[in-house]
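Overview (structure and organization)
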Amino acid sequence: NAADKAKLLGAGTVFINGVRLLVPLRLAAALALAPTVEKGLKGMGVDLKKEESDAEEEGQKSGPGSKNFEGEWADSAEVDNAKTFSFMQLGKNLAGFQKNRDPEGPPLGGPSGLEDLSSRLPDCPRTRWDSEEVDIESVQAQYRGEEVPDVLTIEAKEAIEGDELEWLRANREDLKAKLLKHGAVLIKGMETSKSGAGFRRVYEALDLDVCLDPIHTSGLRKFAIEQDGIYEEVNKPGLRQHYIGLHNESTTNRTAAFGAFVCFMPATEGGGDFFVADGKKILRDMDTAVLKELYDKKI
């Protein structure tokens, strides 16, 4: 119901922005209390300067790059400064944006140094619906009468000889044709895509255009490297215990026609599997009566 949707959207917007307004108040309170807390710690005999010096020495012993106040890696002073406090950065964080989010440092690394896409990403194309007058039984019969191929897996070390980017450029039309046929193409073991900068070069070699995530205004998904148009997966501590089931990377209004995904580091505590469902197989295998009811009710 359009009216109900509008009410929900309005109520959600008011609630989210109301909560965001509390963040500056909490920050101001923390800044105001800082001198009092410092005096109290000194009164307890805590040597803050010594702890700061120890922390700096510990940071020098760590791996490449340095960590900012959020405990995130920064490969350069420029990236680190982008994550220290400023009112501009506060505004970006309140709006749900973050320049680079790299919680483990290597192997993601810093920006590629190519053209900065931060302010150049367009909205995804509008969703083109083709859902009218679908003959469910006829479509099911079509898919049941033909072979629906599985996800195509390509072992990079076996298929690619020489430069990986050159191979992608030479085979991109064939890869796109296979993508349409199989629904998904998994290229395993590529070296170039093991860093964020390399991943950008991969999708440019495939001639894939980038756009803003269809749900970028929700704050659920932030940039891993904004300059290269690379998002990270939904990474909210409050959602760690929630199961994120199968879903489309699209919305009613906006849809990315293609998507490129990469794993920079396997999950360290189990899980992390990336799995896909074949829409054609779901349509083929569902009970016809149930499918027709869902279609008739426009679900």
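Residues numbered from 1 in each chain as written. Predicted model: local features only at pLDDT ≥ 70, side-chain atom pairs only at ≥ 80, totals over all residues. Heavy atoms only, no water.

A look at the packing of aromatic side chains
Between two aromatic rings, the relevant description is the distance of the centres plus the angle of the planes. Just so we agree on the cut-off: By convention, a stacked pair of Phe, Tyr or Trp rings (six-membered ring in the case of Trp) has centres within 6.5 Å and planes under 30 degrees apart, an edge-to-face pair has planes over 60 apart, and any other such pair is tilted. Partly exposed residues are those whose accessible area sits between 20% and 50% of the maximum for their type, while under 20% is buried and over 50% is exposed, using a 1.4 Å probe and protein chains only.
Summed over the entire model, instances satisfying the criterion amount to three aromatic pairs. Their ring planes at 20 degrees and their centres at 4.3 Å tell us that F223 and Y231 sit as a pair that is stacked. Here the two residues F223 and Y231 agree in accessibility, since each one is buried. Taken together, the ring pairs connect F199, Y203 and F264 into an aromatic cluster.

Examining the state of the cysteines
Note the following rule: Any cysteine sulfur atom paired with another within 2.5 Å is treated as part of a disulfide. In this description a helix means any DSSP run of H or I spanning at least four residues, a strand means any run of E spanning at least two, and both kinds are numbered starting from the N terminus.
Tallied over the entire structure, the rule returns one disulfide. The disulfide partner of C124 is C211, and the gap between their sulfur atoms is 2.2 Å. On the sign convention where negative is left-handed, the bridge of C124 and C211, at about 55 degrees about the S-S bond, is right-handed. Of this pair, C124 sits in the loop between α4 (87-94) and α5 (136-144) while C211 sits in the loop between α8 (196-205) and β5 (223-225); the two residues are 87 residues apart in sequence, bridging distant segments of the chain. Taken individually, C124 and C211 each receive the classification buried, so the pair is uniform in this respect.

Some thoughts on the packing of helix α7 (residues 164-182) against α8
Helices that pack against each other are described as a pair by the angle of their axes relative to one another and the distance between those axes. Rules: Lines fitted to C-alpha atoms define the axes here, with helix axes fitted over just the stretch in contact, and angles between the N-to-C directions of these axes take values from 0 to 180 degrees. Angle categories are assigned with fixed cut-offs, so that under 35 degrees is roughly parallel, over 145 is roughly antiparallel, 65 to 115 is roughly perpendicular, and the rest are oblique. Crossings are sorted by hand: turned counterclockwise from the far helix by less than a right angle, the near helix makes the crossing left-handed, and turned clockwise it makes it right-handed. For this analysis, residues touch if any pair of their heavy atoms sits within 4.5 Å. The classification used treats Ala, Val, Leu, Ile, Met, Phe, Trp, Tyr, Cys and Pro as nonpolar, Asp, Glu, Lys and Arg as charged, and all other residues, Gly among them, as polar.
Running from N to C, α7 and α8 cross one another at 25 degrees; their axes reach a closest spacing of 8 Å. If you check the angle between α7 and α8, you find them roughly parallel. When the axes of α7 and α8 are compared, the crossing they make is right-handed. Residues L165, L168, R169 and R172 of α7 form the contact with α8, whose own contacting residues are R201, V202, E204 and A205. Residues of the contact of α7 with α8, tallied by class, amount to four nonpolar, no polar and four charged.

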